[in-house]
Amino acid sequence: MKVLVPIKRVIDANVQVRVKSDQTGVELTNVKMAMNPFCEIAVEQAVRLKEAGIASEVIVVSAGPAQAQETLRTGLAMGADRGIHIQSDEDLQPLAIAKLLKAVVANEDPGLVILGKQAIDGDNNQTGQMLSALLGWSQGAFISAMEKDGDLLKITREVDGGLQKVSVKLPSVLTVDLRLNEPRYASLPNIMKAKKKPIDATSPADLGVEVAPRVKTLKVTEPPARAAGVIVGSVAELVDKLKNEAKVI
Amino acid sequence: MEFGLTQEQQMVVDTVRDFVEKELYPHEAIVESKGHVPPEITRDIRQKVLDMGFYAANIPEEFGGGGLDHVTMTLLERELGRASQALSVIFGRPSNILCGCKGEQVEKYLKPAIRGEKIDCIALTEPDAGSDVRSMKASAIKDGDDWIINGTKHFITHADEADFAIVFIATGEEQTPRGPKKRITCFLIDRDTAGFEIRDGYQCVSHRGYNNSILNFDNCRVSSAQILGEEGTGFDEANTWLGATRLTVAALAVGRAQRCFDMAVEWAAERKQFGQAIGKFQGVSFKLADMATEIQAAEYLTLGAAWKLDQGLPADQDIAMAKLYATEMLGRVTDETLQIFGGMGLMTELPIERFWRDARVERIWDGTSEIQRHIISRGLLRPLGA
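Residues numbered from 1 in each chain as written. Chains lettered and ligands numbered in written order. Predicted model: local features only at pLDDT ≥ 70, side-chain atom pairs only at ≥ 80, totals over all residues. Heavy atoms only, no water.

Caption draft 1: Local environment of the overall build of chain A. Looking only at helices and strands, chain A features 7 helices and 11 strands. Overall size of chain A, expressed as C-alpha extent along the three principal axes, is 65 × 45 × 40 Å. Per-residue burial for chain A yields a buried fraction of 44% across its 249 residues. Sequence separation of 24 or more characterises 69% of the internal contacts of chain A that already satisfy a separation of 6 or more. When the accessible surface of chain A is totalled, it reaches about 13,400 Å², and 51% of it is carbon and sulfur. Where the 31 positive side-chain charges of chain A centre and where its 30 negative ones centre are 1 Å apart. (Helix = DSSP H or I, 4+ residues; strand = E, 2+ residues; numbered from the N terminus. Buried < 20%, exposed > 50% of the residue type's maximum accessible area, 1.4 Å probe, protein only. Contact = heavy atoms within 4.5 Å. Areas by Shrake-Rupley, 256 points an atom, 1.4 Å probe, with all protein chains shown as cover. Lys, Arg positive; Asp, Glu negative; His and termini not counted. Charge placed at Lys NZ, Arg CZ, Asp CG, Glu CD.)

Below is the structure:
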């Protein structure tokens, strides 16, 4: 079974994001970029499936500008077998990406697609679910555990208020949550091998997908600064403030 | 001329930076307070580096190491240099000189060192032989097929952790056109050898937890099979394999300076006095400009020297320039950063005072700044007969 792992290049999670002075977006000049942390978890899971003999091949795919290739190389250095780069300088929105991935699935015929539950830049949390709908495949979002059980996958989903255990039929689209695994560091031998692994280049036009944005960003602003807190002198004062100032109890 | 990194080099940098930030930074405070790295932390870090295949990245592939070239290795050392030396040393770069191992030495020392099973340390310095290393007094006398060693080495970092020591010992004297010269031989000496004692050294203000030891040899008997290379070729072995060690000090200085500087910039942008960010005062902003310029200059010098080594070009002067400039730069950058932080910079709650203390030794070990200037000027004047 082939496993397809879509991955995204985003601002590094440790970078403090700053809004551009013209409010058209966030500052990307001289900013360190990295693989979206949830995508790393997805790659790790796919590589583990391969190591367990469940997956036969791990393919990483990324849609975006030329630099997306760096992110694909990182996926290859983590242990993926090959990459697909869908070259596009457009502002790619979740539905467009889901359509592109559907086209890649049609070409590659994977048994499983594993994605991060969301990317830390747009925080949309839509692509996996949209892809599942477009393909008509089963879907398991926000998974924190998975286990193969015959033709089924037993998964644990992190849902509001607890954990939900369900079985999904293959082929399936899974989106991964933070606690599924701890991604490995790229190993030195794999970094050296990554260059020799193939990355196929394609484009939205090649895949026959229209990717024009459907949502327009009007303005990007910093969230309002949070007001400083106060230290209360006693529990009684706290209760009084909650009752009479915050009016929450 | 190509200044960009290859994709592999960029991935090495990103991976090591990530590792340093996630696996080393969190232990720095405990190492500072305890004065040593707790053994369970050492084991954990070493195992992770082994799993990543980064252990012994400096050793050529033919011997089973990672086989990184000098430029990539310098980038790796730069990233490791950000973190406390006591922790970054666990990342495992066995001494290159072990590549000179022959016969049974390969299985006994080189391979276990590459696999992280045996730890080495290098012993050269003596109480009366610092920069003037050939004046060493530790000596060995031949007795049949054995050598009897007597003498003392000090400032031997990492000996507390070492399973064996790579020790330079005088084994006689020879006449040369420039007068009598000691013959120096390199021995591999196991920790538990009779007559060999490793004891605690001095308390050092720099690199707490990266301890120095005193090595005592009292009629210590070792066989000729423990000689690395040949009798009398110790310095040739050192020149063949240890040439780039100084470059790692330069690389460390660049990485450490960058970490320190990033904190200075952030502080200058956020700390407000007299109603504005202190970075708006030229007294602070010009310091930042000078620091950024010097860090970049040191980085180019360091990577340039590494590039020359990779090209097989003579690089002694370049390495000396990189070591001299980068370590002096680190002294200035840590001092100015402390000045920008003001009183808070001296408090142990922040790592600034540690960067400042740690920086001081870089101008001294692996060849003092004065020795580096000697190497550079010798290269200038010798061809002219002066």
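Caption draft 2: View of the pairing of strand β5 (residues 179-190) of chain B. Residues and elements named next belong to chain B. In the sheet, strand β4 (residues 164-176) pairs with β5 via 11 bridges, with the strands oriented antiparallel. Residue pairing in the sheet places T176 in a bridge with G179 of β5. Remark: 2 residues form the turn of the hairpin made by β4 and β5, two consecutive strands paired antiparallel. Pairing geometry for β5 and strand β8 (residues 227-228), over 2 bridges, is antiparallel. Bridge assignment links C186 to a residue of β8, and that residue is L228. (Pairing = 2+ DSSP bridges.)

Caption draft 3: Up close: a positive patch on the surface. A surface patch of like charges, here positive, comprises R178, K181, R378 and R382 of chain B. Mapped onto the elements, R382 of chain B comes out in the segment after α12 (369-381). (Patch = residues over 30% accessible without salt bridge, like charges linked within 9 Å, V, L, I, M, F, W, Y side chains within 5 Å. Salt bridge = Lys/Arg side-chain N within 4 Å of Asp/Glu carboxyl O.)

Caption draft 4: Representation of the packing of helix α3 (residues 94-108) of chain A against helix α4 (residues 127-135) of chain A within the structure. Residues and elements named next belong to chain A. Relative orientation of the contacting elements α3 and α4 amounts to 50°, with a least axis distance of 8 Å. The angle between the axes of α3 and α4 places the two elements in the oblique class. In this structure, α3 crosses over α4, and the sense of that crossing is right-handed. Residues P94, L95, I97, A98, K99, L101, K102 and V105 of α3 form the contact with α4, whose participating residues are T127, M130, L131, L134 and L135. Across the contact of α3 with α4, the residue classes tally to 10 nonpolar, 1 polar and 2 charged. (Axes fitted to C-alpha atoms, helices over the stretch in contact; angles between N-to-C directions. Parallel < 35°, antiparallel > 145°, perpendicular 65-115°, else oblique. Left-handed = near helix turned anticlockwise from the far one by under 90°. Nonpolar A, V, L, I, M, F, W, Y, C, P; charged D, E, K, R; others polar.)

Caption draft 5: Focus on the side chain of N212 of chain B. Residues and elements named next belong to chain B. The topology assignment puts N212 in strand β7 (residues 212-223). In this structure N212 comes out as buried when scored by relative accessible area, which is 10%. Only 2.9 Å separates the side chain of N212 from the backbone nitrogen of Y202, close enough to count as a polar contact. Setting aside residues up to four positions removed in sequence, N212 forms contacts with F155, I156, T157, D200, G201, Y202 and C204. (Polar contact = N/O pair within 3.5 Å; in protein donor to acceptor, adjacent residues only side chain to side chain.)

Caption draft 6: View of a nonpolar patch on the surface. A contiguous nonpolar surface patch, about 380 Å² in accessible area, is contributed by V235, V239, V248 and I249 of chain A. Structurally, V235 of chain A can be placed in helix α7 (residues 235-244).

Caption draft 7: Broad picture of the packing of aromatic side chains. Scanning the entire structure with this criterion turns up 12 aromatic pairs over all chains. With a centroid separation of 6.1 Å and 70° between ring planes, the pair formed by W147 of chain B and F187 of chain B is classed as edge-to-face. Separated by 40 residues along the polypeptide, W147 of chain B in strand β3 (residues 146-157) and F187 of chain B in strand β5 bring together distant segments of the chain. Taking the relative accessible area as the measure of exposure, W147 of chain B reaches 6% and is therefore buried. Residue classification places F187 of chain B among the buried positions, given a relative accessible area of 0%. Here F168 of chain B and F235 of chain B contribute two aromatic rings whose centre-to-centre distance is 6.3 Å and whose plane-to-plane angle is 50°, an arrangement assigned as tilted. Here F235 of chain B lies in helix α7 (residues 234-242) and F168 of chain B lies in strand β4, a separation of 67 residues in the sequence. The exposure class assigned to F235 of chain B is buried, which follows from its relative accessible area of 16%. Chaining the aromatic ring pairs together yields one cluster made of Y185 of chain A together with F19, F54 and F91 of chain B. The aromatic ring of Y109 of chain B is capped on one face by K118 of chain B, whose charged end is 5.4 Å from the ring centroid. Over the ring of Y25 of chain B we find R259 of chain B; its NZ or CZ atom is 3.6 Å from the centre of that ring. (Phe/Tyr/Trp six-rings, centres within 6.5 Å; stacked < 30°, edge-to-face > 60°. Lys NZ or Arg CZ within 6 Å of the ring centre and 35° of its normal.)

Caption draft 8: Seen up close, the interface of chain A and chain B. Across the contact, 15 residues belong to chain A and 17 residues belong to chain B. At the boundary of chain A with chain B, total buried surface from both sides reaches about 1,500 Å², with 61% on carbon and sulfur atoms. Considering only the surface of chain A that becomes buried against chain B, Y185, L188 and I191 of chain A emerge as the three largest contributors, covering 47% of it. Linking chain A with chain B are 0 salt bridges, by the criterion used here. Residue assignment for the side of chain A that touches chain B shows that the elements contributing at least two residues are α2 (68-78) and α5 (188-194) of chain A. Element by element, the count of residues in the side of chain A that touches chain B is highest for α5 of chain A, at 5 residues. (Buried area = accessible area lost by both parts, 1.4 Å probe.)

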